[in-house]
Each structure stands twice: as C-alpha cells, then as structure tokens.
Amino acid sequence: MTEVKAYAATSPTSGLVPSTVERREPGAHDVEIAIEFCGLCHSDVHTIRAEWGQVSYPLVPGHEIVGTVSRVGKAVQGFTVGQVVGVGCMVDSCRECGSCLEGFEQYCEMGNTGTYGAVDRRNGDTITQGGYAKAIVVDENYVLHIPEGMNLAAAAPLLCAGVTTYSPLRYLDVQEGDAVGVIGLGGLGHMGVKIAKGLGATVTVFTTSAAKADAALALGADHVVVSTDAEAMAGAANSLNAILDTVAAVHDLNPYLATLARDGALIQLGLPAEAMPPIQPGLMIGKRLAYGGSLIGGIAETQEMLDFCAEHGIASDIELVAASDLDAAYDRMVAGDVKYRFVLDVSTL
Ligand code: NAP
Ligand code: ZN
Ligand code: ZN
C-alpha cells in the first residue's frame, strides 16, 4: 500500500478537506498513475453532498483524471512508464456480460465499478477513491491513452464531460448538417457544443444565463436561445433533430421537446436529485419524438472520443483551481457560474 495526499468529503456538509488515501501496490495488470489534473464534475457535487443517496465517507471524488504512468504491473501490455494517460468514470466492470463484451462497460449488467464511492469488485469491501489525489492504481483495461500534443489540464474534462456528450451524438448518428440543441452551458454542455460542431452539426445552445450568449457563440454555437424567453423558445420550434439535456437541476422538458422536428430525440444526461415534471404525451406522439438517456461511454468509445478530439483540435475550456479553492468552485458550479469546467491542479494538494 502507498498512502498519498488527497482531498475528501467526510460528511454531506463537510466540503472537501485535506486527507490521504491508500493505493494498492500495482498488481500484474495494474497501472499506477501520478495524477496531474482532475476535472470537477457536477456529479462530484451531487455525490459528496449525498443528493443521489447514501455515501460512504470519507470519500475522495474525481473522475476526470489525467497523469503520467509511474509504475506498471508485469503483465501490462498497453502502457509504459512515462506515458500520459487518463481515467474516467469507471475502473472496472464484470467483463463477462453482454454489455461488457460489446464494449458498453458503463451499462455492465452487474453494475460498473465507479472510480469513486463504489465497492471494489476485486475484494468486495474496499470503497474506490477518486482523482482528487496524488496517485491512483487502475487495471489497464480501464486506462486511456491521452493523444500526444494535448494540453493535459484541458484534456482532463474529456474523460467524463467529453465522452458523455460524444456517446449520445454518435448513438444518434449525428451527421454533417444535422441540427443539434444543447441545454445548459456548463461542463457537459460546452463539450457537447464543441463535439457536435466537430461532427458537422449546426448547434443551438439553450441557456438560462443571458450573459453566456456571447461565450456560447465563441465556443462555436450557431444560435443561442435564452430559455426563459418564451418568444425566443417559440422561434426555435420544430427546428432540431437532436437535443442533449445537460441540466443538473429540475426543469420542465416540454418547452424543449417543442423545439424538436419530426423524428427528433431528446437525450437526458443531467441527473437532478429530484423527480422532473411529466412529459406531455401529445408532444411526443404528434412528431414521433423520442426521449432517452445516456450514461458516460464505453472504454473503446472513450479512446475513440479522445482521438476524435485530438484530430479536431477539441479540448475543454477550463479554469484551473487549487485544492484550497475546491469548495468555492463547487458553489460556483451550483450557481451555474463555471467557464466551462473547473480542473484541480493536483500539484496544489
Ligand atoms: P455544470 O457544469 O454545473 O452545468 C450544468 C448547467 O445546467 C449549468 O451551467 C446551467 O447552464 C444549467 N442549469 C443549472 N441550473 C439550471 C436550471 N435550474 N434550469 C436550467 N438550466 C440550469 O454540470 P455538469 O458537470 O455539466 O453536469 C450536468 C449534469 O449532468 C449533472 O446533473 C451531472 O451529474 C450529470 N452528468 C451525467 C453524466 C451521464 O453519464 N449522464 C455524466 C456526467 C454528468 P446555463 O447557465 O447555461 O443555463
Ligand atoms: Zn462526471
Ligand atoms: Zn458486465
């Protein structure tokens, strides 16, 4: 075991405090990573504040991890010491079910092992601990290669926000010329804009923050609709083929469904803690609409997304934060004041 510095929550109201975490000695198939940067996802906030249910404390969050390989187990084939690598939202899965065998490990029928807060299926009693820490040890099958030339801090958010938006856009087979809407311009939303543009789509951003309109256009969006402006919403009616909903709070989907054209689909990515208002069946039936959900992405798909982003010059727009500013960054995230992803500089731990 190696003890490394970390920041952990000790209760739903503790915020993040200096702590340590034990990392196992790398086994035959393990990669040990010296973490350099870790993105701050709204899921980290939902989790440590116990908004999604009970949590085992102390808990080190963080699942947008980028760092350098420091040691490898003797059977490791795909990684060598010194390589720049990433870890996203899961560190294991059953590897045997249909979903795992088809490369959809996130939908593992036995439950994927989350990077933090999950029971480690290797021993059944350790709780996994995430990337707000100096190091992590992960089975090589759940480690990604960061393409050469990428800025490491700006690459970190791709490991969750990037793949969570890439996966549904690919699933919906978004093509050149399709019209894509993105609801919420935060971490996921801004990656959704960039990736949809990378796929050749025309992009409309729906935001509750009128002040973000110029920034949305600068990120590449073609149109911005302030969603509290009923007239602007009416002007977008029947215009979109697909919508990614990245909102972290409860909201009414019906006004957004009205902006879909026939055969359009709205994919839910944001996971508010409370139930959402009901969808009007007439809206769905009248235009043969679909409402779905999507969870992060598989391992192979995450690598595909990283390579796609490298090829298209796509990275996250980040604000680097020191460990001592994590609580303030969380509060700003909850207030919708993030441009557009906070990334922890792990050297400040
Ligand atoms: P974020 O950076 O905080 O962005 C969320 C954005 O939602 C805000 O910036 C804001 O954008 C908008 N928003 C907030 N409150 C709103 C409200 N009351 N009404 C309308 N819009 C509101 O969060 P994130 O890290 O992108 O995560 C977003 C959600 O996705 C979270 O619930 C997170 O847990 C979830 N998530 C899901 C997956 C998955 O696999 N499905 C993966 C990662 C995260 P505007 O200011 O532009 O309105
Ligand atoms: Zn996340
Ligand atoms: Zn499985």
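Preceding this paragraph is the structure being described.
Quantities reported herein were computed from a predicted structural model and do not represent experimental measurements.

K.L.:
Which parts of the structure should I look at to understand the pairing of strand 3 (residues 30–39)?
P.N.:
The side chains of a regular strand alternate, residue by residue, between the two faces of the sheet. By the criterion of burial, strand 3 is predominantly enclosed, with eight of the ten residues buried. Where strand 3 meets strand 8 (residues 135–139), five bridges bridge the pair, whose relative direction is antiparallel. Bridging from a neighbouring strand, Ala34 pairs with Ala135 of strand 8. By the bridge criterion, seven bridges tie strand 3 to strand 4 (residues 65–72) in an arrangement that is antiparallel. By the bridge assignment, Val31 is partnered in strand 4 with Val72. Of the strand pairs in this sheet, strand 3 and strand 17 (residues 341–345) are connected by three bridges, and their pairing is antiparallel. Counted as the bridge partner of Phe37 is Asp345 from strand 17.

K.L.:
What should I look at first to understand the nonpolar core in this one?
P.N.:
In globular proteins that are soluble, nonpolar side chains generally tend to be buried together. Core analysis: the largest hydrophobic core is formed by 88 residues, its most contacted members being Leu40 and Tyr132. When residues of this core are assigned to domains, at least three fall in each of domain 1 (2–159 + 315–348) and domain 2 (162–293). If we skip the residues at most four places from it in the chain, Leu40 touches Glu64, Tyr132, Val321, Leu326, Ala329, Tyr330, Met333, Arg341, Phe342, Val343 and Leu344. Counting 17 residues, the second largest nonpolar core, distinct from the first, contains Val225, Ile243, Val247 and Leu257.

K.L.:
Sorry if this is basic, but what is going on with the packing of helix 4 (residues 161–171) against helix 5 (residues 187–198) here?
P.N.:
When two helices pack together, you describe them by how their axes are tilted relative to each other and by the distance separating the axes. Orientation of helix 4 relative to helix 5, taken along the N-to-C sense of each, is 50°, at an axis distance of 8 Å. Our classification of the angle between helix 4 and helix 5 gives oblique. Crossing of helix 4 against helix 5: the hand is right-handed. Across the interface between the two elements, Ala161, Gly162, Thr164, Thr165, Tyr166 and Leu169 of helix 4 pack against Gly187, Leu188, Met191, Gly192, Ile195 and Ala196 of helix 5. Looking at side-chain class alone, the contact of helix 4 with helix 5 contains seven nonpolar, five polar and no charged residues.

Scoring rules and cut-offs
- Residues numbered from 1 in each chain as written.
- Chains lettered and ligands numbered in written order.
- Predicted model: local features only at pLDDT ≥ 70, side-chain atom pairs only at ≥ 80, totals over all residues.
- Heavy atoms only, no water.
- Buried < 20%, exposed > 50% of the residue type's maximum accessible area, 1.4 Å probe, protein only.
- Helix = DSSP H or I, 4+ residues; strand = E, 2+ residues; numbered from the N terminus.
- Pairing = 2+ DSSP bridges.
- Core = buried A, V, L, I, M, F, W, Y, C linked by side-chain atoms within 4.5 Å.
- Domains from an automatic or database assignment.
- Contact = heavy atoms within 4.5 Å.
- Axes fitted to C-alpha atoms, helices over the stretch in contact; angles between N-to-C directions.
- Parallel < 35°, antiparallel > 145°, perpendicular 65-115°, else oblique.
- Left-handed = near helix turned anticlockwise from the far one by under 90°.
- Nonpolar A, V, L, I, M, F, W, Y, C, P; charged D, E, K, R; others polar.

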